[in-house]
Amino acid sequence: MSRNPQEIVSDALAEYGSGREAVLQILTKINRELSYIPEEAVAAVANAVGVSNAEIYSVISFYSFFSTEPRGRNIIRLCTTISCEMNGSREILETIEKELGIKAGATTPDGRITLETTSCIGLCDQAPAMMVNDTPHTRLTPPETRRIIAGLE
Amino acid sequence: MMPNISVKINGTVTSVREGVTILDACKTAGVEIPTLCYHPDLSLAGNCRMCLVEVEGWRTLAIACVTPVTPNMVVLTHSKKVRHARRTVLKLLLASHNVNCPECERNKNCELQELAEIHNITSNEYQTSPKPESIEEVSPGIMRDNSRCIMCTRCVRTCEELQSVAVIKPVGRSSSVTISTFMDRSLNDVPCTQCGQCIVRCPTGALFETSEIRPVWEAIENPDKFVVFQTAPAVRVGLAEALGLPIDRSTGQMVAAIRGLGVDRVLDTDFTADLTIIEEGHELISRLKGALVDNDKSVALPMMTSCSPGWIKFIEHKYPELLSNVSTCKSPQQMFGALAKTYLAGKEGIDPANIVSVSIMPCTAKKFEKERPEMRDSGYKDVDYVLTTRELARMIDEAGIDFEKIAEEKFDRWMGDSTGAGVIFGATGGVMEAALRTAYEIITGHEIPFDGLNVEPVRGMEGIKEAAITMPERMATGFEFLAGVTLKVAVAHGLANAKILMDKVQSGEADYHFIEIMACPGGCLGGGGQPIPTSPEIRQKRTESIYAEDAALHFRKSHANPEVQLLYAEFLKEPLGHKSHELLHTHYIKRD
Amino acid sequence: MSEKKILTATEQPDTGSALKKSLGMTSADVVFEVRESEIRGRGGAGFPTGIKWNLAGAASGSNKMVICNADEGEPGTFKDRYLIENYSLKLLEGMTIAGYAIGSSYGIIYLRAEYPYLIPVIEKARENLIRENLLGENILGTDFNFDIEIRPGAGAYVCGEETSLIESLEGKRGVPRNKPPFPVNSGYLFRPTIVNNVETFTAVPHIILNGAEWYQGLGIGNCTGTKLFSISGDIENPGVYELPMGSPISELLEASGSKDVQAVQVGGASGATITADELDRSLSFEDLPPGGSVIVFNSSRNMMDVLENFLEFFVHESCGQCTTCREGNVRLLDAVHLIRNGEISSMEELEPFFQLAEVMKISSKCGLGQTSPNCFIDIVTRFIDLPDEKEGE
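Conventions we followed
- Residues numbered from 1 in each chain as written.
- Chains lettered and ligands numbered in written order.
- Predicted model: local features only at pLDDT ≥ 70, side-chain atom pairs only at ≥ 80, totals over all residues.
- Heavy atoms only, no water.
- Helix = DSSP H or I, 4+ residues; strand = E, 2+ residues; numbered from the N terminus.
- Buried < 20%, exposed > 50% of the residue type's maximum accessible area, 1.4 Å probe, protein only.
- Contact = heavy atoms within 4.5 Å.
- Areas by Shrake-Rupley, 256 points an atom, 1.4 Å probe, with all protein chains shown as cover.
- Lys, Arg positive; Asp, Glu negative; His and termini not counted.
- Charge placed at Lys NZ, Arg CZ, Asp CG, Glu CD.
- Rg over C-alpha atoms; globule rule 2.2 N^0.38 Å.
- Phe/Tyr/Trp six-rings, centres within 6.5 Å; stacked < 30°, edge-to-face > 60°.
- 1 Å grid on protein atoms, 1.4 Å probe; cavity = no way out; pocket = protein on both sides within 12 Å on 5 of 7 lines; lining within 4 Å.
- Points joined across faces, edges and corners; volume = space filled by probe spheres on them.
- Nonpolar A, V, L, I, M, F, W, Y, C, P; charged D, E, K, R; others polar.
- Buried area = accessible area lost by both parts, 1.4 Å probe.
- Salt bridge = Lys/Arg side-chain N within 4 Å of Asp/Glu carboxyl O.
- Polar contact = N/O pair within 3.5 Å; in protein donor to acceptor, adjacent residues only side chain to side chain.
- Core = buried A, V, L, I, M, F, W, Y, C linked by side-chain atoms within 4.5 Å.
- Domains from an automatic or database assignment.
- Expected span 1.5 Å × (residues − 1).
- Pairing = 2+ DSSP bridges.
- Axes fitted to C-alpha atoms, helices over the stretch in contact; angles between N-to-C directions.

Overview of the overall build of chain A
Reasoning step 1: Tallying secondary structure elements over chain A gives seven helices and four strands in all.
Reasoning step 2: The secondary structure elements of chain A, listed N-terminal to C-terminal, are α-α-α-α-β-α-α-β-β-β-α.
Reasoning step 3: Taken over the C-alpha atoms alone, chain A extends approximately 50 × 30 × 25 Å along its principal axes.
Reasoning step 4: Of all 153 residues assigned to chain A, the portion counted as buried reaches 56%.
Reasoning step 5: Considering only contacts within chain A whose residues lie at least 6 apart along the sequence, 59% involve residues at least 24 apart.
Reasoning step 6: When the accessible surface of chain A is split by element, carbon and sulfur atoms take 45% of a total near 6300 Å².
Reasoning step 7: Put simply, chain A has 14 plus and 20 minus side-chain charges, and the middle of one group is 5 Å from the middle of the other.

Written out as structure tokens, the structure is:
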């Protein structure tokens, strides 16, 4: 069971301090642990850092990895930039969408997986590639992709 | 100080101070550079790319508003490259701008429209996808339509830098970036003070007041309704400007023009400004007595003014623990509203249910204030509608009234008398000065010892002003406890300055007795309901008009206002009395 | 010429040997050596590293900062990932030498969010160096202190631009700053700051050990040293290759096993796209600025697909701050759609978009908007066959 947002924010503040320059680190920690940054956590960070809620929300909205919307326990980030696309990322996307019954940008109803497409993830030499949470998966084929998805908790 | 250097602008050598921006250097040289994101009140953004100029030896064009000049810099401001780039920038902005000018509040007073005209943009090859559709979002004082937004971020910088409120920010990235709020909520659901400073700095019509023109016309046109207008002090120095005339005071024309709209009574908020001074002055003296004589720990000092609804909302959000320091006096607008449907109704013999009370304000937060549930002490909604100076100007235009030619007229009676003290409420420091003029005289029995009653230390555009006045040894009867006491006061305008003062009060660092706060830079004359544009220069001119009006009035002190004296004699009986408490005082609430 | 492995050589100089040598020199001499080597920034813009260090070293202000830009995000670029995976000791050593050179005791690696698995790699290298007194307090018994922290990004290509990167490090939206002031005078938290690419820092120990003259001898003209290239797309052996600066593109293609070439993009989506007839052109700042990415397209590829993919990338990754980049990329992408659906069928109709591309190059605030139109210009002029004028007119 995941910890409550307040606890995570307190931990993050203890670890990184409440300086403005710690904001990305604090948000990264919350975002990793909960898969997203809930509204109350945004407010708590803003309060600790001494800026407006809108300011933290604005920062979050700038970065692709952050979200204020609840996401799945696992996040798949499939690269669709050029080298991956040339090596079949579209087919992989279709495979995942079919397997999970959701479109890119959505989360499975059971909250298990969020599927996102992403800009280049620097694995072009092993295309097509995707990140599942913090782990890169490369040279994807449809069967391999299905196997990876099946293995997610 | 930096030395002067030579730069060549369009072939002419000009001497300017090293380190000034190309934009300022061009101004010195008499060369106009178009801008959009630049604003003299704000930090530099350099993001609209309108002010591009060519600098010899540079691969890219330079952004005139942010680039400092260097010795012997050669600048071209309308070369082919520059003109082409500027036109492209304009076309790009227009292609994603909801161009519905005739329906826009800012039609004919829009910086984008003006630049499009100057640069002769008659077609747009970058209109490759449909324009965005109108997306209106409403709050009591402020409306937004992001389809007209050009992402110059002037509103964002205003909200943060001038007001330390920071409720609007860029949200998202790239072409999907918008100006939005925490979790994209309505301005109504975030700590927006409704001050409207964003509106007066918006170059387009993305921000505007929530208009109440229609119901006001309907009330005027309804023969069963008795329509009473009150006009705030700063409106009389803004109205001419809003009608496209030079900045000047125009009280008599304003009264005549409003009467020309078909209004039943034209009355003056200055009247209740004077009343506020009497009530607030007595409240201050009573607080001082409580603190100094009775040693009552529950008395909160410094006392703070309560006229500015943007400020009130700000302190309710940000410093709720200081709410007991705020004077319980309602703002002049709301005192007026409460009296219009009680005292005035009696005087005129009108059923208060038929009175429609309309106030003309330099303010958008007043629209919020009148909606507060506490503001119904007359048994009715004390103020029914609030129009900004700009909305009044639109009504005058629509009625075809020639403001320049109209003969001056006087306010109607009972609540139309005004003193110079009431007028200067419109400028930062004015409430303080008016309060000092009256309070000093009450407690000492003598006029305040400033030349011509002008309390200069609290005047001017300094963000935070302080003054200390030592009371004489001989006091009026009953006020001996103040003999020799040095009364310390402070004045702040713009909420960022208010925040500095509040932090000092909170930390115990400040030992003031009385603080005046106005939410808007310059005070009400720089309010969010005033003519657009605004700048330090414009606010300075309006300030001069305010003080000229004060100097020209027969009565200069609130307690000298004959109608206020009559009001006490016939209706209120005494300051802080039973009736006053019922109608003229209020309370505040903590807001998230 | 062919592959010339220095940074990626199997045999590497002893860890700490270059730092030890540096500490025996004055900091001014270290800056001098780097400046004389004429190494230019390996991130893509190619600013001379030594000049940057010199300015930061001379800048007034305390708490100077050494920042490593490990936010490579240019499509097709992965050389920095490869360097960190395999040569992180050299990277940290290079940063430490930079710290000594400019008078800084603190370094930050801004690591892109897409590389979380490299954090343990860098942490391990850091611990090793601290254990050997090559990092931390009183390095090698001197009074020089230096430590390095890793800070993750959060997914924004524009943060590869150095002032955006600094904004991001300060906990803000990663939008480029107006310049001046330049980071060397006022960067991270207003401190004098150098921002250099992973590859640049990794090259530094080699320059210090072998000398500026040796490094100059590796390249051509004022494009000195070797350069790492990430090559991907339609080739046999995608991967990272190290070649002398100034090598012809054909060398790289040969080394990586390309056969069928329709087009090659050099320097990523914001770089240049050339045809098979231009393979003798050189990988150098003078000709084809080599950011690090090389993507090969064979004759089966529809270059309009490629262009559309690139422009979608830029539309997604523009920070949205300045008008020309925020709006311009959208309009260029619109033009691609109009070509594809036949609404634009002549070069004449495309003219406004070429003009837009030129305006973007000179009017955008940072390198993103200044270079994103390159792919549009190159691909449309070289690979799309449209008549000059609209038919029937």
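Observations regarding the overall build of chain C
Reasoning step 1: Within chain C one finds 14 helices and nine strands.
Reasoning step 2: Computed over the C-alpha atoms, the radius of gyration of chain C is 22 Å, within 12% of the 21 Å expected from 2.2 N^0.38 for a compact globule of 393 residues.
Reasoning step 3: Here the C-alpha coordinates of chain C stretch approximately 80 × 45 × 35 Å along the principal axes.
Reasoning step 4: Expressed as a percentage of the 393 residues in chain C, the buried residues total 66%.
Reasoning step 5: Across chain C, contacts joining residues at least 24 apart in sequence account for 71% of those joining residues at least 6 apart.
Reasoning step 6: About 13300 Å² of surface is accessible on chain C, with carbon and sulfur atoms providing 47% of the total.
Reasoning step 7: One finds the centroid of the 33 positive side-chain charges in chain C at a distance of 7 Å from the centroid of its 55 negative side-chain charges.

A word on the packing of aromatic side chains
Residue and element names in this part refer to chain A.
Reasoning step 1: This structure, assessed with the given rule, holds 16 aromatic pairs over all chains.
Reasoning step 2: Ring plane angle 75° and centroid distance 5.1 Å describe the contact between Phe-62 and Tyr-63, whose orientation is recorded as edge-to-face. Across the pair, exposure class does not vary: Phe-62 and Tyr-63 are buried alike.
Reasoning step 3: One aromatic cluster is present, formed by Phe-62, Tyr-63 and Phe-66 through successive ring pairs.

A word on empty space enclosed by the protein
All names here are of chain B.
Reasoning step 1: Under the counting rule described, the total for this entry stands at six cavities of 30 Å³ or more.
Reasoning step 2: Reported here for the largest cavity is a volume of approximately 260 Å³.
Reasoning step 3: Along the walls of the largest cavity sit 24 residues, with Cys-307, Pro-309, Pro-362, Lys-366 and Cys-524 positioned nearest its centre.
Reasoning step 4: Residue assignment for the lining of the largest cavity shows that the elements contributing at least two residues are α10 (309–318), α11 (332–348) and α12 (365–369).
Reasoning step 5: Looking at the lining of the largest cavity residue by residue, the classes come out as 15 nonpolar, eight polar and one charged.

Quick word on the interface of chain C and chain A
Reasoning step 1: Across the boundary between the two partners, chain C contributes 50 residues, which contact 32 residues of chain A.
Reasoning step 2: Of all residues in chain C, Ala-154, Arg-173 and Asn-309 of chain C give up the largest surface area on contact with chain A, accounting jointly for 19% of the area buried on that side.
Reasoning step 3: Counting across the chain C and chain A interface gives one salt bridge.
Reasoning step 4: Linking chain C with chain A are 21 residue pairs in polar contact (both at pLDDT 80 or more).
Reasoning step 5: Those elements giving two or more residues to the side of chain C that touches chain A turn out to be β3 (147–152), α6 (162–169), β5 (226–233), β9 (293–297) and α10 (303–317) of chain C.
Reasoning step 6: It is α10 of chain C that contributes the most residues to the side of chain C that touches chain A, six residues altogether.
Reasoning step 7: Here the side of chain C that touches chain A is built from residues that sort into 25 nonpolar, 13 polar and 12 charged.

Brief notes about the nonpolar core
Reasoning step 1: Counting residues in each nonpolar core, the largest one holds 89 residues, and the members touching the most others are Tyr-63 of chain A together with Leu-350 and Phe-376 of chain C.
Reasoning step 2: Broken down by element, this core gets its largest block of residues, nine residues, from α10 of chain C.
Reasoning step 3: With near-sequence residues (within four places) excluded, Tyr-63 of chain A lies in contact with Leu-24 of chain A, Arg-173 of chain B together with Tyr-110, Ala-154, Gly-155, Ala-156, Cys-159, Ser-168, Lys-172, Arg-173 and Gly-174 of chain C.
Reasoning step 4: If you look at the next biggest cluster of nonpolar residues, it comprises 63 residues, including Cys-120 and Ala-127 of chain A together with Trp-53 and Phe-146 of chain C.

With respect to the interface of chain C and chain B
Reasoning step 1: Facing 34 residues of chain C, the contacting portion of chain B comprises 34 residues.
Reasoning step 2: Both sides together, the interface formed by chain C and chain B hides about 2800 Å², and carbon and sulfur atoms give 54% of it.
Reasoning step 3: For the pair chain C and chain B, the interface holds one salt bridge.
Reasoning step 4: A salt bridge links Glu-317 of chain C to Arg-173 of chain B, with the shortest nitrogen-to-oxygen separation between them at 3.0 Å.
Reasoning step 5: Along the contact surface separating chain C from chain B lie 26 residue pairs in polar contact (both at pLDDT 80 or more).

Section: the domain arrangement of chain C
Note on interface size: it is often stated as the accessible area lost on association of the parts.
Residue and element names in this part refer to chain C.
Reasoning step 1: Under the domain assignment used here, chain C contains domain 1 (17–217), domain 2 (226–297) and domain 3 (303–383).
Reasoning step 2: For domain 1 and domain 3, the distance between their C-alpha centres works out to 33 Å.
Reasoning step 3: Across the contact, 12 residues belong to domain 1 and nine residues belong to domain 3.
Reasoning step 4: Counting each side, the surface lost to burial between domain 1 and domain 3 is near 870 Å², with a carbon and sulfur contribution of 71%.
Reasoning step 5: Taken as a group, Tyr-157, Val-158 and Pro-176 account for 52% of the area that domain 1 buries against domain 3, more than any other trio of residues on that side.
Reasoning step 6: At the junction of domain 1 with domain 3, the criterion picks out zero salt bridges.
Reasoning step 7: Class assignment for the residues of the side of domain 1 that touches domain 3 results in six nonpolar, three polar and three charged.

Examining the domain arrangement of chain A
Reasoning step 1: Along its sequence, chain A is organised into domain 1 (5–62) and domain 2 (74–150).
Reasoning step 2: Measuring from the centre of the C-alpha atoms in domain 1 of chain A to the corresponding centre in domain 2 of chain A gives 28 Å.

So, helix α17 (residues 536–552) of chain B
What sets the pattern is the α-helix's 3.6 residues per turn: residues three or four places apart point alike.
Residue and element names in this part refer to chain B.
Reasoning step 1: The first and last C-alpha atoms of α17 sit 24 Å apart over 17 residues, in line with the 24 Å expected at 1.5 Å per residue.
Reasoning step 2: Buried within α17 are the following residues: Ile-538, Arg-539, Arg-542, Thr-543, Ser-545, Ile-546, Tyr-547, Glu-549 and Asp-550.
Reasoning step 3: Against the buried residues of α17 lie α5 (197–201), α7 (239–242), α8 (251–260), α14 (420–423) and α15 (430–444).

Concerning the side chain of Ser-418 of chain B
Residues and elements named next belong to chain B.
Reasoning step 1: Of note, Ser-418 is situated in the loop between α13 (389–398) and α14.
Reasoning step 2: Under the relative-accessibility criterion, Ser-418 is labelled buried at 16%.
Reasoning step 3: A distance of 2.9 Å separates polar atoms of two side chains, one belonging to Ser-418 and the other to Asp-270.
Reasoning step 4: Residues within four places of Ser-418 in sequence aside, it is in contact with Asp-268, Asp-270, Asp-274, Val-423, Leu-553 and Asn-561.

Focus on α10 of chain C
Residues and elements named next belong to chain C.
Reasoning step 1: For α10, with 15 residues, the first-to-last C-alpha span of 21 Å sits near the 21 Å given by 1.5 Å per residue.
Reasoning step 2: Here α10 lies mainly inside the structure; 12 of its 15 residues are buried.
Reasoning step 3: Three or more residues of α10 are buried, namely Met-303, Met-304, Val-306, Leu-307, Glu-308, Asn-309, Phe-310, Leu-311, Phe-313, Phe-314, Val-315 and Glu-317.
Reasoning step 4: For α10, the N-terminal cap is Asn-302; the gap from its side-chain oxygen to the backbone nitrogen of Met-304 is 2.8 Å.

Some words on the pattern of salt bridges
Reasoning step 1: Per the stated rule, a full pass over the model turns up 85 salt bridges over all chains.
Reasoning step 2: Across the pair Glu-349 of chain C and Lys-390 of chain C runs a salt bridge whose closest N-O atoms are separated by 3.2 Å. Of the two residues, Glu-349 of chain C is situated in helix α12 (residues 347–363) and Lys-390 of chain C in the segment after α14 (373–383); the sequence distance between them amounts to 41 residues.
Reasoning step 3: When salt bridges with common partners are traced through the structure, they connect Glu-212, Lys-367, Lys-370, Glu-371, Lys-381 and Glu-391 of chain B into a single cluster.

Let's talk about the sheet that holds strand β12 (residues 265–268) of chain B
Residues and elements named next belong to chain B.
Reasoning step 1: Overall, parallel pairing links the four strands, which are arranged β12-β11-β14-β15 in an open sheet. Single-partner strands in this sheet number two, and they are β12 and β15 (385–388). Each strand axis lies, on average, 25° off the axis of its neighbour in the sheet, ignoring direction.
Reasoning step 2: Examined bridge by bridge, strand β14 (residues 355–361) and β15 share four bridges and lie parallel to one another. Bridge pairing in β15 places Ile-360 opposite Leu-387.
Reasoning step 3: Of the strands in this sheet, β11 (226–231), β12, β14 and β15 are in contact with α11, which crosses β11 at around 140°.
Reasoning step 4: Sheet contacts for α13: β11, β14 and β15; angle to β15, the most-contacted strand, approximately 85°.

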